[in-house]
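Close look at the chain arrangement
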Amino acid sequence: MIEIPESNTIANQLNKTIKGKKIVSVITNTHPHKFAFFYNDSKGYNDLLKGKIIGGANAYGGQISISSVEESKIKNDFNKYSDNNLNSLENRNKFTDEEMIIVLGEDTLIKYIDGEEIPEKNQLLIKFEDSTAIVCSARMYAQLHVSLANNYKNEYFDIAVNKPSPLSDNFDFEYFENLISEVRPISSVKSFLATKQRIPGLGNGTLQDILFNAKINPKSKLKKLSKEDKINLFNSIKRTLFEMTDNGGRNTEKTLFGEYGGYEVILSSKTFKNPCTLCGDKIIKESYLGGTIYYCPTCQELKTS
């Protein structure tokens, strides 16, 4: 699943590999997938993108936005299209029918192709003039959106664009406390962090190490958290997500080049059978709120009072 570390890693890699490249063709649904979600009719993607130039990629929560425009406009003002301008709702409304936006997210495998064989099971293939390509494949499900920039309507994307990323200075402790104050005190920490798009791109995957590092149980109620707990949780969100991103994503997820990220996940389906790295206790695996949680019952004691 693409979360904050992966979206930022892949966006940076896209900017180093495809920015300025010309699209020559777009092929969709080579291998149809029930949970590959397109924006309107995917058959029109080729007409929308063919001949366009990639302006740049940006990460918003767990989504990756790629701008593309007519070659003549890129030549006139490349920088205008290679930053964030296409992505805010306000700015998207200013553009004409020539500017496009590509938005990728969810459980999408995004791979850069340069000479190697294109995977047969893909749902979106974007080919460039220099014979390289970007291929997107759904694992469980995938977001594969292409639209006119000024017509793109996606509530979750707009929320992610307009909320501060935990990687930014705007996501400070005051902002974090305000988020907590908007949630019912009986809500669990997992519910607070990983639902309702409160922190876009922070999902059930990154949640595990964040809570382990903060020494907080995912089932603990917000009303049971002390001031110190909240400070520890805030600091863990900032530090853990930065470390994951700085290391090129988690080692449970792949980068643009088909390699696993460099951050070694502490708690996941691959590690929970190992004892706690801090105390040696057995890691607990449970189903909770529509997903799986992992925690150390000693280091992440469930507070009841």
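As shown above, the structure is provided for reference.
In this convention, every chain numbers its residues from 1, walking through the sequence in written order. Under the rules for a predicted model, residues below a pLDDT of 70 receive no local features and side-chain atom pairs below 80 are neither given nor counted, while totals for whole chains, interfaces and linings still include all residues. Processing note: side-chain calculations cover all non-hydrogen atoms of the structure and skip hydrogens and water entirely.

Here we look at the pattern of salt bridges
Rule in force here: Salt bridges, as used here, are contacts in which a Lys or Arg side-chain nitrogen is within 4 Å of a carboxyl oxygen on Asp or Glu. Going along the chain from the N terminus, every DSSP run of H or I of four or more residues is numbered as a helix, and every run of E of two or more is numbered as a strand.
On inspection of all chains with the given rule, the structure shows ten salt bridges. Residues Arg139 and Glu253 are paired through a salt bridge, measuring 2.5 Å at the closest nitrogen-oxygen approach. Here Arg139, found in strand β7 (residues 133-148), pairs with Glu253, found in the loop between α10 (227-246) and β8 (284-288); they are 114 residues apart in sequence, far enough to count as distant. Salt bridges here are not isolated pairs; linked through shared partners, they connect Asp107, Arg139 and Glu253.

Regarding the environment of Leu211
Where we set the bar: What makes two residues a contact is simply this: any of their non-hydrogen atoms within 4.5 Å.
Within the secondary structure layout, Leu211 lies in helix α9 (residues 204-214). Note: C-alpha distance between Leu211 and Leu193 (18 residues apart in sequence) is 10.0 Å. Setting aside residues no more than four positions away along its own chain, Leu211 makes contact with Val189, Leu193, Ile216, Pro218, Leu233 and Gln300.

Focus: the packing of aromatic side chains
Condition: Two rings from Phe, Tyr or Trp (for Trp, the six-membered ring) form a pair when their centres sit within 6.5 Å of each other. Planes less than 30 degrees apart are called stacked, planes more than 60 degrees apart edge-to-face, and all others tilted. The criterion is that NZ of a Lys, or CZ of an Arg, lies within 6 Å of the ring centre and within 35 degrees of the ring normal, and then a charge sits over that ring.
Across all of its chains, the model carries 14 aromatic pairs by this definition. In this structure an aromatic cluster arises from ring pairing among Phe171, Phe173, Tyr175, Phe176, Phe192 and Phe234. Lying across the ring of Tyr260, Lys270 places its NZ or CZ 4.9 Å from the centre.

Comments concerning α9
Stated precisely, the cut-off is as follows: When a residue's accessible area, from a 1.4 Å probe over protein chains only, is under 20% of the maximum for its type it is buried; when over 50% it is exposed; and in between it is partly exposed.
Within α9, eight of the eleven residues are buried, leaving the element largely enclosed by the surrounding structure. All of the buried residues in α9 are Thr206, Leu207, Gln208, Asp209, Ile210, Leu211, Phe212 and Ala214. Close packing links the buried residues of α9 with α1 (4-17), α8 (189-194), α10 and β9 (291-295). One or two positions beyond α9, positive phi appears at Lys215, with a value near 60°.

Some details on the nonpolar core
Where a protein is soluble and globular, its nonpolar side chains tend to be buried together. Operational definition: Remark: nonpolar core denotes a set of buried residues (Ala, Val, Leu, Ile, Met, Phe, Trp, Tyr, Cys) joined through side-chain atoms within 4.5 Å.
Counting 40 residues, the largest nonpolar core has Leu14, Ile110 and Ile134 as its most contacted members. One finds Phe176, Leu202, Ile237 and Met244 within the second-largest nonpolar core, a separate group that totals 26 residues.

Topic: unusual backbone geometry
Positive phi outside glycine occurs at Asn40, with the angle close to 60°. Take Asn40: its relative accessible area is 67%, and that puts it in the exposed class. Positive phi outside glycine occurs at Glu106, with the angle close to 65°. Following the sequence through the fold, Glu106 ends up in strand β5 (residues 100-113).

Digging into the environment of Thr30
Along the chain, Thr30 falls in the loop between β1 (23-28) and β2 (36-38). Expressed as a C-alpha distance, the spacing of Thr30 and Asn122, which sit 92 residues apart in the sequence, is 6.0 Å. Sequence-distant contacts of Thr30, that is, excluding residues within four places in its chain, are made with Glu120 and Asn122.

Concerning the pairing of strand β3 (residues 53-60)
Convention followed: Strands were regarded as paired on the criterion that DSSP finds at least two bridges between them.
Summarising burial for β3: seven of the eight residues are buried, a large majority. One ladder, built from seven bridges, connects β3 with strand β4 (residues 63-69); its direction is antiparallel. The partner of Ala59 across the bridge, within β4, is Ile64. Hairpin remark: β3 followed by β4, antiparallel, with two residues in the connecting loop; positive phi at Gly61, about 60°.

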